[in-house]
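Structure assessment
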Amino acid sequence: MKVFRSHILICGGTGCHASGSLEAKKALLAELDKRGLAGEIKVVETGCNGFCAMGPVMVVYPEGVMYMMVQAGDIPELVEEHFVKGRVLKRLLYKEPLTGEAIPTMQEIPFFALQDLRVLRNRGIIDPEKIEEYIARDGYAGMAKALTEMTPDAIIKEVMDSGLRGRGGAGFPTGLKWRFASQSPGDIKYVLCNADEGDPGAFMDRSVLEADPHAVLEGMVIAAKAIGSHQGYIYCRAEYPLAIHRLNIAIDQAKEAGLLGSDILGTGFDFDLEIYQGAGAFVCGEETALMTSIEGKRGMPRPRPPFPAIAGLWQRPSILNNVETLANVGQIILRGAAWYAGVGTTKSKGTKVFALTGDVNNIGLVEVPMGTPLGTIVYDIGGGIAKGKKFKAAQLGGPSGGMIPIQHLNAPVDYEKVAELGAIMGSGGLIVMNEDSCAVDMARFFMDFCKDESCGKCTPCRAGTQKMLEILTNICNGKGKEGDIEKLEKWANVIKNTALCGLGQTAPNPVLSTLRYFRDEYEAHIREKRCPAVVCSAFFKTPCMHACPINMDIPSYLALIKADRLEDAYKVLLKTNPFPSICGRVCNHKCETKCRRSTVDEAVGIKHLKRYITDNAARPRLEKAQLTRKEKIAVIGAGPSGLTAARDLALRGYAVTLFDQFPEAGGMLRWGIPAYRLPREILDQEISDILALGIEFRNNTKVGVDVAWEELRVAYTAVYLAIGAQRSARSGVEGDGLKGVDGAIEFLREVNLGRKPKVGKRVAVVGGGNSAIDAARSALRLGAETVTIVYRRLREDMPAQDDEIHAAEAEGIKIEYLAAPVRFQGADGRLQSAVCQRMALGEFDASGRKKPVPLIDSEFSLDVDQVILAIGQEAIFPFDAGRAGIGVTRRKLIEVVKGSKTATAAAMVFAGGDVVTGPDTVVGAVAAGHHAAAEIDAAIRLRNGEAPYVPVEEEIAIPMVVDEETQEIARVCIPEVACLERIKDFREVELGLSKEAALAEASRCLRCDIQIE
Amino acid sequence: METKVNKVKLTIDGKEVLVDEGVTILEAARQNGIKIPTLCQHEALSNWGGCRMCVVEVDGSPKLVASCVMPVRNGMGVVTTNDYILECRRTMLEFIFAERNHYCMFCPQSGDCELQNLAYELQMDHLTVTFSFNKFPTDVTNEYMVIDHNRCILCGRCVRACKEIVGASVLNFQNRGPKNLIGMDLNQSREQSTCHGDGVCMQVCPTGAMVNRYRSHYAVKGHSKDWQPLETVCSQCGLLCPTVNFVKDNNLIKIEGRLTRTNGRPDRGQLCRKGRFEALKNAGIRLDSPMVRSGSGTWKTATWDDILKLVSGKLNDVKKKEGGEAIFGLASSALSNEELVLFRDFMTQGCSAAYVDTFDGTHFRAVSDAAKEGKEAFREASWKMIPEADMVILLGEDASQSQPMISTLLGKGFLERGQKVAVLGKTDPVPPYTPYYLPVVDSALPLLVGALKTGLKGSGDGGKLPAKARLDADAVRVFHEIVKAFSESANPLFIVGEKLAGLEDPAFLADIVSLAKQKGLCPDKSSRLIILKPRGNSAGAWKLGISSSKKISGKSKWKAGLVLLGEPDDSYLAALEGLKGGGFIAAISPYFPESLSDKVDALIPKPAWLEEEGTFTSVDGHETAYKQKSLRAPAGVMDSWEIFKKLAERVGFKPGYRSWKDLSKKAEHEIKK
């Protein structure tokens, strides 16, 4: 036998063929030939390797170096580097999605390392078109054992004992199915293999057939022996030409070798099989429909009983097993039931192959032991969610499966758990969805699929799915009505319980499962006419606007920047946002996360452009508002929410009095955000503009102390509570009371009051939110020598904005990840050190982040003289909420009545902002202010029997110009003051865009608002 | 020997019942008087389990089962109705109503619709589901039936009926999901498809998706509960298919076959397009009072007295002056045995007419000559033998025109049992299924039969095919295959078309008779031969000796003649041409076809087909059936009994029967002979 110094295994699955593996192979052979290496290096085309999204993939043995996305053009360099010079070609290696680190060998790539290959054991290793290679890997040994040493009963017992269950989805014990068929009387029996894989996004069976066809044949012969069958059919969809091609080769080779046909291995046992090509009806995966189809009739399911084990194909006893089930059988017989049952859970044994697709970094086939947590599959094997988005749910079981949401990432994936969570195992399609997927839209999509694929035989499946789809489509189109959810639930239930076959019985699953986990999204669509995931385009002009809590007209002001009409742009900003120059600096810009430009290159820098307008246009003059109404409104708290509400109400003609306990208005804008992010003059100007509308501002007035609550209730028609969350949460660990252990809110307030608080030399900030970063950077500016942020998870879990974290790091702030304080130590009541503990990440919590778990004996001490706690904020009530009739939640926040955004249980008392939501963003507070004003106004008008308020708005013509072509251009970067300079004082760090930069950036907008008829 | 059926005990709605093992829950419930609503289920068809209207709860499981397909099990606990089951049924019914266009008030089926009835039954008086407003095509290409897919509920009854009863499988489902349609062949229109137009699909359709184009308006037909169903037989082609004629206010609304899973007949109650639709057609001008032609050729109404006096007077005169030799009688063999006997006796005994014949006498003479040639009396095989034959050789006939049911049986025989069907003749009766088909003109058939006979004598290749037959190579191959198949056949049957019998070549018919004899006799000792006959009661007429062995020709000097007609169709009246020759001819007829106006001198109205009762003899002469009267004749029309009684009185003839009953007995007695 010829010995080669190296083997190149190039993937020849359908996926890699599509991405160019055949061309690459050709180029490789030519290149090796050219360099005279053909005699030393052997090229083998294998079946699907599994890492399909990275195709074409190739593995070089004996080293096991794996190259990804190898195109024919890469071959000369690859051969030169790897085979001539003996160096690994780094460029084509796998890169870890988060770190970008290159990983050379297959064994080290987590995608492969964490899998347990049984069904796929030969994938990417053997040439599927050579029976010798299969035999060399123990192929047909199980069959030989079954035929020569075992009785049918013994085979069935072995399969029963192994705990193998049907991998087609229903999970019926395979051995039991065989037993029924073997006990069924009849001379003619059939063994059928279901290779009619039809779930969108599922390709497990195809891959097995392409990579290891003999494993399926071997399984079928064993099954035939077990039940006494002599004829089999593989029902394979015609859309799988490569699988059929390789199956045909395998069948021919097996027959030639005496492993199939008559007198197999001289045992006298006959078994022949044929491939039956299906025409691609989804329902033909259902066993009775499949049999009807083989009989040459239209593939429609038949009622059961009679069950196929009694009367199946042509009314003869038959068994139907899935490709994956059969591919397991040879190994079970060869290695024994105990070996097989060695992995898995109590009721679900062995491994399961999943086709991992969707918004996950590593797309491909994975085989894991039953019971592997979903999070492990998605994050550890799948490499997490692409583009830094958040995981939302995984659709398991194809279009008739269900969604498993973020709070169940720890769920061990086996038949029982998956069913308990409202999904089905299905054939193993696992579609990962990120936060940009709308639950209603997904349910609609899957329902549409089932509706189209219904064979039409039974009423509930054919007509019911249509009706459900109509409702789902209406909801997605903004035409959802009250009662729709109840109808969906009722119909889903009827269809589930009356449909003839599995297709109909499971078709409502996606609806039921999304209703179970994402009912709020349905309600948002129906009641608020809003798609929280910003998918259903009927609700919005553009995704950015819909993502914005105050629905800012982003495309319009971007268009006006492009037209250099900045004053008009400013007017557009002020229509919805009283604080555009503030938001241009500190907004967390949810708009950008949904920007469609990001599908081309990067999102448009909307926040920076907003600031550009306010930096460069004169602020439009505001007239004093006309007092047209007799009602007086009290707004308590002059933060962004209170100011917004006061402004809106004043513009609607109300007399508004604004109360605040501090000398100046602004709330968290002023006391929470340091000046280097938000210069005071900017803040002052926007606030004074609002107050200039004619709002009475009573500063230094604490409600409950300076003014009695009851007094307010009498003097004012309505009260809006926008009191925020004004106190830092305490850590609760030992030494929390030491001097030098401060709350971030209190610390920042001191700073912003201009009191120049003393900071320590070595400061630790505990927490990972924006307040933590603000406190850390402020401390640095106030003279701290070292500032360390202690955070208990990883960077990607930090709630703070990414650019803020970057800026902090640039300024020299150290972040200690996976650590948390356990006690603060000091002497004489003064802090001296913070003792921390290392954390490891354990299971996933309800938010989808991994829970930090303390590591034993991992304490370490940080030598600090100040600790700033930024681990949460609490509200302080100025009065007894209970006596005032206002509901308070478990989190000590005000409870808003159902169906309203701001109304409390007390009449004409409204609340909004952080005191309702907990610490939130500026724009969130502004939104609450708008809602409060609108609801207060509506309540008063309703009480008076007046018509609803109709706003009067200035019409601003928006240029409707769209670029015909889009070229990839990087997003603009905002210039900043150099680090060494800026940390000296509180000057503004970000400098604003130049006109050129702004025009270029505004031109990147795709103008999703323009509809082309 | 009776096979012992095990009994199964189960509980339905709290009632313990004992039923045969293997029956469905639905059957068990029905046997015990418990009603479960159904749509796709039909007693004559296999169970389908599609509409899910019959869902019931078994052993308290929330998953309901379709009772029409779920076999009973010992100890099973079934609940057929509770709030949840009703909710499911109503929801599904609403789904069906909303899926397509089910606006009863605009539907021709309203008043005769199972879907509508079910909605009433389940008290579904409004929809909580919005309509889908899908648009589907309507097929109006067929003369008798409309397919409106917008009213289809996809229950599949028509598909099963077409396959199981008709054996045609023209109908099937096509497309998936909401686009699902009942298609004909590969998406053809009814006319372009291979459909026979039997209308069984229409009969089993529970909604207005397949509608009869006749009498389908509510204003005409009203509600089905007001109809009178009359169980009778169809006498149009001699197969005597049992029918139910629905009558309202002396209007025929529709004719249906008596469909069953097994009714002892191979057709299972199918009916053909003739039996189902012909009687609904507007048949032509009815004759409702006696009429006389004046010298100038115009027709005038006459009183009964006048007409009877005129006709009997003329017949009497001629009889007295010229004798019976100058009198002829001609009758349609579509009439009942009783009427034929009345006519025959009146003519021969009352008028001493020398010549009494039927319009298809030519055929009779050819066949009887052939039978004599064979030297042995032959008795035709029963048409019910067709399904049992392993090979059928059809000669010179488009059975789909004359006896459509026979062509259906052949198609079914081929599809279901692999029956070998050879067709020699111009038209192919069952187009897609005929493996042995020789499309030759009728005149070439005698040559082929001769060759078949020599071929079978074992001259090897059977190859001496007469050049005159002008067969091409393909046809020669087919011919040889037929020879081979016939020689291998154990139980063949010849079917000879009426046109062929009319060829007047006794030698050729005798060849067929002797060919049929080669394989012996049928189990009932009849010959392996069926001769299709032109009219509904030709066999009766032949047996009653009305079809004369002597031919009436225009050469004789006729002075008077009486013609008895029954059908609106006047194609055969050409036979009257040349018989007139100056004499007097009177016709007794329900209709007044234009072609009669210059051939006869007096017209006596009589009741039409559905207005008369009487016995008919099947095409093969094997059985006789009684046809009920479905409609009343128009006022002022005397029935045949009265007419002949009065005519007989006037010519002084006293027949031997005093009542219709007597007459029936006599006819029956003669037929049996």
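Since this is a predicted model, take the numbers as computed values, not measurements.

The rules behind the values
Residues numbered from 1 in each chain as written. Chains lettered and ligands numbered in written order. Predicted model: local features only at pLDDT ≥ 70, side-chain atom pairs only at ≥ 80, totals over all residues. Heavy atoms only, no water. Axes fitted to C-alpha atoms, helices over the stretch in contact; angles between N-to-C directions. Helix = DSSP H or I, 4+ residues; strand = E, 2+ residues; numbered from the N terminus. Parallel < 35°, antiparallel > 145°, perpendicular 65-115°, else oblique. Contact = heavy atoms within 4.5 Å. Nonpolar A, V, L, I, M, F, W, Y, C, P; charged D, E, K, R; others polar. Patch = residues over 30% accessible without salt bridge, like charges linked within 9 Å, V, L, I, M, F, W, Y side chains within 5 Å. Areas by Shrake-Rupley, 256 points an atom, 1.4 Å probe, with all protein chains shown as cover. Salt bridge = Lys/Arg side-chain N within 4 Å of Asp/Glu carboxyl O. Buried < 20%, exposed > 50% of the residue type's maximum accessible area, 1.4 Å probe, protein only. Pairing = 2+ DSSP bridges. Buried area = accessible area lost by both parts, 1.4 Å probe. Polar contact = N/O pair within 3.5 Å; in protein donor to acceptor, adjacent residues only side chain to side chain. Core = buried A, V, L, I, M, F, W, Y, C linked by side-chain atoms within 4.5 Å. Phe/Tyr/Trp six-rings, centres within 6.5 Å; stacked < 30°, edge-to-face > 60°. Lys NZ or Arg CZ within 6 Å of the ring centre and 35° of its normal.

With that settled, consider the packing of helix H10 (residues 213–227) of chain A against helix H13 (residues 323–335) of chain A. All names here are of chain A. One way to put it is that H10 packs onto H13 with a least axis distance of 7 Å and a crossing angle of 75°. When the axis of H10 is compared with that of H13, the two are roughly perpendicular. Taken together, the residues of H13 that come into contact with H10 (itself represented by Ala215, Val216, Glu218, Gly219, Met220, Ile222 and Ala223) are Val323, Leu326, Ala327, Val329, Gly330 and Ile333. The residue inventory of the contact of H10 with H13, partitioned by class, reads 10 nonpolar, 2 polar and 1 charged.

Residues and elements named next belong to chain B. A cluster of nonpolar side chains, contributed by Tyr103, Met105, Phe106 and Phe133, occupies part of the molecular surface with about 530 Å² of accessible area. Its place among the elements puts phenylalanine 106 in the loop between helix H2 (83–99) and helix H3 (114–121). With relative accessibility at 58%, the residue phenylalanine 106 sits in the exposed group.

Before going further, it helps to examine the sheet that holds strand E20 (residues 718–721) of chain A. All names here are of chain A. Spatially, the 5 strands line up as an open sheet ordered E19-E18-E17-E20-E32, and their pairing is parallel. Taken across any chain shown, the strands that pair with only one partner, and hence form the sheet edges, are strand E19 (696–698) and strand E32 (909–911). Put simply, the sheet's adjacent strands are angled 20° from each other on average, direction ignored. Pairing between strand E17 (residues 632–636) and E20: 4 bridges, direction parallel.

This paragraph deals with the interface of chain A and chain B. Counting from both sides, the interface comprises 35 residues of chain A and, opposite them, 37 residues of chain B. Surface buried jointly by chain A and chain B totals about 2,900 Å² across both partners, of which 56% is contributed by carbon and sulfur atoms. Per-residue buried area on chain A facing chain B is highest for Arg298(A), Arg462(A) and Asn497(A); these three make up 19% of the total on that side. At the boundary of chain A with chain B, the tally comes to 2 salt bridges. A salt bridge links Arg176(B) to Glu453(A); the shortest N-O distance between them is 3.1 Å. Taken together, the links from chain A to chain B amount to 21 residue pairs in polar contact (both at pLDDT 80 or more). Secondary-structure elements contributing two or more residues to the side of chain A that touches chain B are helix H17 (439–453), helix H18 (459–476) and helix H19 (484–498) of chain A. At 9 residues, H19(A) tops the list of elements feeding residues into the side of chain A that touches chain B. Residue composition of the side of chain A that touches chain B, grouped by class: 13 nonpolar, 10 polar and 12 charged.

Let us look at the pattern of salt bridges. Charged atoms that come close allow side chains of opposite charge to pair. The final tally for this structure, using the stated rule, is 113 salt bridges over all chains. A salt bridge links Lys451(A) to Asp448(A), with the nearest nitrogen and oxygen atoms 3.2 Å apart. Of this pair, Lys451(A) and Asp448(A) both sit in helix H17, 3 residues apart, which is roughly one turn of the helix. The buried category is assigned to Lys451(A), whose relative accessible area is 14%. Two residues, Lys484(B) and Glu488(B), come together in a salt bridge whose shortest N-O distance is 3.2 Å. Placement of both Lys484(B) and Glu488(B) in helix H14 (residues 473–488) is noted, with a separation of 4 residues, approximately one turn of the helix. The two residues Lys484(B) and Glu488(B) agree in class, both being exposed. Through salt bridges that share partners, Arg677(A), Asp774(A), Arg777(A), Arg781(A), Glu804(A), Glu811(A), Glu976(A) and Arg982(A) make up one connected network.

Strand pairing in a sheet takes place through backbone hydrogen bonds and is either antiparallel or parallel in direction. All names here are of chain B. The strand order across the open sheet formed by 7 strands is E15-E14-E25-E24-E23-E16-E17, and the pairing between neighbours is mixed. The open sheet has two edge strands with one neighbour each: strand E15 (299–301) and strand E17 (355–358). Across this sheet, the average inter-strand angle for adjacent strands is 15°, counted without regard to direction. Relative to strand E23 (residues 560–564), strand E16 (residues 327–331) is paired through 5 bridges, and the arrangement is parallel. Opposite alanine 331, over in E23, you have leucine 564 as the bridge partner. Along the sheet, helix H8 (residues 304–322) contacts strand E14 (291–293), E16, E23, strand E24 (584–589) and strand E25 (602–605); its crossing angle with E25, the most-contacted strand, is approximately 125°.

Counting residues in each nonpolar core, the largest one holds 139 residues, and the members touching the most others are Tyr522(A) and Ile386(B). No other element matches H2(B), which puts 9 residues into this core. Apart from residues lying up to four places away in sequence, Ile386(B) is in contact with Val392(B), Ile406(B), Leu409(B), Leu410(B), Gln419(B), Leu493(B), Ile495(B) and Ile530(B). Among the nonpolar cores identified, the runner-up in size contains 83 residues, and Val341(B), Phe378(B), Ala451(B) and Phe644(B) belong to it.

So, about the packing of aromatic side chains. Inspection of every chain in the model, using the stated rule, returns 33 aromatic pairs over all chains. An angle of 65° between the planes, with centres 5.3 Å apart, marks the rings of Phe328(B) and Trp558(B) as edge-to-face. Taken together, the residues span a long stretch of sequence, with Phe328(B) in strand E16 and Trp558(B) in the loop between helix H17 (538–543) and E23 at a distance of 230 residues. Assigned by exposure class, Phe328(B) and Trp558(B) land together as buried. Each member of the aromatic cluster is reached from another via a ring pair, and the members are Phe51(A), Tyr94(A), Phe111(A) and Phe112(A). The ring of Phe354(A) has Lys352(A) sitting right over it, with the charged end atom 5.8 Å from the ring centre. The aromatic ring of Tyr676(A) is capped on one face by Arg781(A), whose charged end is 3.9 Å from the ring centroid.

Turning to the environment of Phe449(A), a few remarks are in order. Residue and element names in this part refer to chain A. Turning to its location among the elements, phenylalanine 449 is positioned in helix H17. Here the alpha-carbon distance between phenylalanine 449 and proline 399, two residues 50 residues apart in the chain, equals 6.9 Å. Sequence-distant contacts of phenylalanine 449, defined by excluding residues within four places in its chain, comprise Gly198, Pro200, Phe282 and Pro399.

No statement about biological role is implied by the geometric values presented.
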